[in-house]
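Descriptive structure summary
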Amino acid sequence: MFFTGDASTRKRVDLGGRSSKESDRQVLLEQARLDRKRRLVHRQQTSAAIKIQKCFRGMKDVKMARTEVREQFHVTYGDHGEKADWHCFGPDSEFLRQLLFFFTANNTSDVALLVKACRLLLQHLQQSGNIVTLFAGLDYPQKNSLVDLRVKKLAYACLQAIFHNRNHYKNKLLMPSTCSYWPAVALFETVACLTNPELPWNCSVIDYLMERKVFLLLRCIILAGVQDVKSPELRVSASVLEHVLISLVSHVGQQPCHCSNADPRWSFSLQILSIPFLWRHLPFFKEGFGRYYIHQMANFLPTHDGVLLDDVLQEYPGHACLLGNLLEVAGVVLSDPNSTYHTAIDFLTVSTFLLEVLPSVDSSPVQKPVDDELTMDDEVLSPDLQKQISSSIDSRLLQHLVNALLKATCPTGYSEKTWPSNVEVEAISAVCTFLHVTFCTLPHELIMTLLAYRTELLPALWNYIKRCHENQRWPFYSKLTAHIPGDTPGWLLPLAVFCPLYKHMLKFVDTEEFYEQETPVKIKDIPSLVIIIKQALWQLLWTTNGHVLSQKSSRSLPDDKKLSVEVINRKARVAMSELLSQLQDWNNRRKFMSADDFHLQEARSETFVSQALLGNTRASDILKQAPFLVPFTSRVEIFTIRISFVNEFGVEEPGVDGGGIFKDFMENIIQAAFDVQSGLFKETPDHLLYPNPGSALVHEQHLQFFHFLGTLLGKAMSEGILVDIPFATFFLSKLKEKSNFLHDLPSLDPELYRHLLFLKHYKGDVSELELYFVAVNNEYGEQTEEELIPGGKDMRVTKDNAIAFIHLVANYRLNFQIRTQSLHFLRGFQQLVQKEWIEMFNEHEIQLFISGSLESMNVDDLRSNTLYTGGYHHEHQVIEMFWGVLKSFSLEYQKKFLRFVTGCSRGPLLGFKYLEPKFCIQRAAPLDVTEEYLDRLPTSATCMNLLKLPPYASKEQMRTKLIYSISADAGFDLS
């Protein structure tokens, strides 16, 4: 360091404690490392340049050699091969050796020479038909190595020529073999001839092609030849391309076969089956598809999901196209007599995997507008692809699938105590896994209908569930559900499939099928089924603390694994609870087991009720998700809804209606609004009320009236006020936002129900009945027709669509015809009664809430909950006499008395302590009573549940006066 003339400069000190020599050493070492790295890079660049030069020189040498051989070929056989004949294919000829050496697929002249050779070959085959002699002469065994090599290269050269010129040939790629004058057809036809399964070199040639990714070439060729990926090809015969595919596909997997195992990425399954709508473009190839490829996919696909191809288009994902094509052809494969139980298991394995990764398919796919939140990574399936996937799971596929499984698993002569075999456990696990994922992914209404009515799956599932329950052992087969914990209950998956299937079937069975034919579960078995469901629900909702799981549908969670235990739990809980409710409804129609058998003993305790009242507890979750496990009386105790009144300024009023004014108002409204003469309601043959479909013809503001009456009913229920309004069950379903089905129709129109059953079981030609998909209405003399479906007036009812017609008629009468009136009634009702509360009860129980118990009146209970005024008390002589007289009345007169004093002939559900206001007996005379007062009749004020009782001198007089009053249907009028 030199002196700069600045005396203030200080010496720099390394604070790390290192000397300057040590620092210089570090710098030198780093410099040496960088030099070594530069030298290494230079050596690598030099080596690469040498290799490129060698390769370039090698390629140049090959190109020169090809040019020389090509020139020799032209001299010998002509510039266009015009000097060649079929003798040129022999083993001693230079024709094929030279052609295959210099052939380049992107050279137009070379391709033309190859086409010429192919046509020579095809002409020879048409004349003599012996292709082995053409290539080998009479000594193939001695010359097979040379011959096989030439045949391999010739077949591959043909495919290369088509592949490289596919865009030029695109309009001719799917032509039949009769069009061999087109170059592409001649090339394809040659490949088909060379890969004939009868030829001795067949295995060797196909193995050669497979090693060179033949299915990748064919995939690109097919996509180039397809004019419109969605439109089917209109052809009357198979294309020559299909002949080639059939030759290749039919060989692989056959015995003996010495082909090496190809990389799954280049297999037929992933390269060809993933082409969108494959069978529309190659319809004749469909019958040639082999079960081997399903087995191949089952072996590698679930464990190698990374091999799935890139999408042809964003709306045609490769895995979705593969699934659609597989489902479409599966019915053909499974219907083959040679297909086995193992083929069915392989199909279930592959389709379950593909459905698991598929986004949920809409029941009515339409083109949706682009959402601002939609990203490029979001998968949106084409509506056509959705339709292909959904419609391919048809009756043919399901029938053959179930038959293939049951044929191998259903033992003969087994008893109900027989433990399921391993094969049966595997089959049940596989089909339940497949169906669970299917129900989570696809529109499942039609699929469930087909399974219920066209297969024997439901009885087989129930048989399996029943035997496992009776043996108290539930096996768990984890091959297809490896990511479900091993301690998951073995009953979960079977019940998660059986319950929604049985629930769906119960929507459509009629009373004869359920009670007489006992379809699909015997009546004597239903109590066992109820026990199984109760125990399962209790374990899911209480033991395993199921309330912490999300209540949202799995469809709302895109990353939700459909086979996760959380999703299966959620689906199973909903289905089991709804099935239990349906079975309870059937039991209410015609009792086949005790109503108490539907309840859990654990849910009867006071502890359970107190927890349910707290909310956000396991008990409250059970009440919401499986209310029918809880006894009716416990649910009624939990129903504690109080109503506040809001004035016109939106402010809550401080006063509370004690019930009297409202009761009086309610009785007047009931007499007017619910009278069938008012035109708002009609009566069933059993004198039960439902909205008048023609109410608009009577009242211009009929919808406002229904809204008001709904509010009024909600107020009565919330205040515990009983009213004598006998509603039809199918209308009460609307308070639960439920639809009604065929078995509900007898309560509305028994005659129509009998006619529909006649049609359902009609043995003759249904079309001769001249029925169409229309409903005829006749309201107040005005007859109208309404189509049940678009175009229904021109659609005749036939044997094939009769079931659909029957259910459409039932739906129209029970749901559609009164939909508007019911909706407005419901809106008014829900202003005061929350939906989650009313869902705790079935329709029969709701009617009890409205009108009280049908059981005999408990006079002692009424007496212990009665107030006295005007000088009366509970030990008064007149009061003692009154209770004796009331007890002596028949049930009919006791109900008349109750109606006389309360306005309703039924008592409160949980006893008279819940009667509001309390029943009160008032002395109807001054203390210095005279004969004039003793001649008076008892009177009542129903708005206050008040009886004004004169102090009669004898029981006979009191009895006579009471009977006269309660039979006169009057209250204050008698005063």
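Attention here is on the structure that accompanies the text. (Residues numbered from 1 in each chain as written. Predicted model: local features only at pLDDT ≥ 70, side-chain atom pairs only at ≥ 80, totals over all residues. Heavy atoms only, no water.)

Some points on the overall build of the protein
In terms of helices and strands, the protein carries 40 helices and eight strands. Every one of the 975 residues in the protein was classed for burial, and the buried ones make up 50%. The long-range fraction of contacts in the protein, counting pairs at least 24 apart against all pairs at least 6 apart in sequence, stands at 76%. As displayed, the protein offers around 48,300 Å² of accessible surface, 52% of which is attributable to carbon and sulfur atoms. (Helix = DSSP H or I, 4+ residues; strand = E, 2+ residues; numbered from the N terminus. Buried < 20%, exposed > 50% of the residue type's maximum accessible area, 1.4 Å probe, protein only. Contact = heavy atoms within 4.5 Å. Areas by Shrake-Rupley, 256 points an atom, 1.4 Å probe, with all protein chains shown as cover.)

Here we look at the nonpolar core
Membership of the largest hydrophobic core comes to 264 residues, with the highest contact counts inside it found for Phe-135, Leu-218, Phe-347, Tyr-502 and Phe-727. Counting residues per element, this core draws most heavily on helix 5 (residues 140-164), which supplies twelve residues. With sequence-adjacent residues up to four places away left out, Phe-727 is seen in contact with Phe-674, Phe-681, Leu-688, Leu-689, Leu-713, Leu-732, Phe-825, Gln-847 and Ile-850. Ranked by size, the runner-up nonpolar core spans 27 residues in total, among them Ile-879, Val-885, Phe-889 and Phe-919. (Core = buried A, V, L, I, M, F, W, Y, C linked by side-chain atoms within 4.5 Å.)

As for the sheet that holds strand 7 (residues 939-941)
Read from one edge to the other, the open sheet built from four strands follows the order 5-6-8-7, with strand pairing classed as mixed. Since the sheet does not close on itself, it has two edges, and those belong to strand 5 (866-869) and strand 7, each with one partner. The mean inter-strand angle of the sheet, taken between neighbouring strand axes irrespective of direction, is 25 degrees. Taken strand by strand, helix 37 (residues 877-888) contacts strand 5, strand 6 (919-923) and strand 8 (946-949), and its axis lies near 130 degrees from that of strand 6. (Pairing = 2+ DSSP bridges. Axes fitted to C-alpha atoms, helices over the stretch in contact; angles between N-to-C directions.)

Looking at the pairing of strand 6
Extensive coverage of strand 6 is indicated by the burial of four of its five residues. Inspection of the sheet shows strand 6 paired to strand 8 by four bridges, in the parallel sense. Bridged to Gln-922 within strand 8 is Lys-948.

Overview of a nonpolar patch on the surface
Taken together, the side chains of Leu-697, Val-698 and Tyr-780 define a hydrophobic patch exposed on the protein surface, amounting to about 310 Å² of accessible area. Of note, Tyr-780 is situated in the loop between strand 3 (774-779) and strand 4 (782-787). Its relative accessible area of 54% is what places Tyr-780 among the exposed residues. (Patch = residues over 30% accessible without salt bridge, like charges linked within 9 Å, V, L, I, M, F, W, Y side chains within 5 Å. Salt bridge = Lys/Arg side-chain N within 4 Å of Asp/Glu carboxyl O.)

Here we look at the pattern of salt bridges
Evaluation of the coordinates by the stated rule reveals 22 salt bridges. Salt-bridge contacts for Arg-467 lead to Glu-424; the nearest nitrogen and oxygen are separated by 2.3 Å. Of this pair, Arg-467 sits in helix 20 (residues 457-471) while Glu-424 sits in helix 18 (residues 422-441), and the two are 43 residues apart along the sequence. As far as burial versus exposure is concerned, Arg-467 and Glu-424 are alike and both buried. Overlapping salt bridges, with partners in common, bring together Lys-466, Lys-524 and Asp-525 in one network.

Some points on the environment of Arg-119
For Arg-119, the position within the fold is in helix 3 (residues 108-127). Along the primary structure Arg-119 and Ala-186 are separated by 67 residues, whereas in three dimensions their C-alpha atoms are 6.4 Å apart. In contact with Arg-119, not counting residues within four places along its chain, are Ser-180, Tyr-181, Trp-182, Pro-183 and Ala-186.

Quick look at the packing of helix 13 (residues 291-300) against helix 14 (residues 318-335)
Direction vectors running N to C along helix 13 and helix 14 enclose 135 degrees, while the axes themselves pass 11 Å from each other. Classified by the angle their axes make, helix 13 and helix 14 are oblique. As helix 13 runs across helix 14, the sense of the crossing is left-handed. Residue-level inspection shows Arg-291, Ile-294 and Met-297 of helix 13 in contact with helix 14, the latter providing Leu-322, Leu-326 and Val-333. Tallied by class, the residues present in the contact of helix 13 with helix 14 amount to five nonpolar, no polar and one charged. (Parallel < 35°, antiparallel > 145°, perpendicular 65-115°, else oblique. Left-handed = near helix turned anticlockwise from the far one by under 90°. Nonpolar A, V, L, I, M, F, W, Y, C, P; charged D, E, K, R; others polar.)

Quick word on helix 24 (residues 565-589)
The α-helix advances 3.6 residues per turn, and as a result positions three or four apart in sequence lie on the same side. Here helix 24 spans 36 Å end to end across 25 residues, near enough to the 36 Å set by a 1.5 Å rise per residue. With respect to burial, helix 24 is a largely interior element, 19 of its 25 residues being buried. (Expected span 1.5 Å × (residues − 1).)

A look at the packing of aromatic side chains
The full count for this structure, using the stated rule, is 43 aromatic pairs. Three or more aromatic residues joined by ring pairs make a cluster, and in this case those are Phe-73, Tyr-77, Phe-89, Phe-95, Phe-102, Phe-135, Tyr-140 and Trp-201. When the ring centre of Trp-586 is taken as origin, the NZ or CZ atom of Arg-589, which lies over that ring, is 4.7 Å away. (Phe/Tyr/Trp six-rings, centres within 6.5 Å; stacked < 30°, edge-to-face > 60°. Lys NZ or Arg CZ within 6 Å of the ring centre and 35° of its normal.)

A closer look at unusual backbone geometry
For Lys-213, which is not glycine, the phi dihedral falls at a positive 60 degrees. In this fold, Lys-213 is placed in the loop between helix 8 (202-211) and helix 9 (214-225). For Lys-213, a relative accessible area of 34% puts it in the partly exposed group. The phi angle at Glu-737 is positive, at roughly 60 degrees, despite the residue not being glycine. By the element assignment, Glu-737 lies in the loop between helix 30 (729-735) and helix 31 (750-760).

What about a negative patch on the surface?
Taken together, the side chains of Glu-785, Glu-786, Glu-787 and Asp-794 present a region of like negative charge at the surface. Within the fold, Glu-786 resides in strand 4. (Lys, Arg positive; Asp, Glu negative; His and termini not counted. Charge placed at Lys NZ, Arg CZ, Asp CG, Glu CD.)

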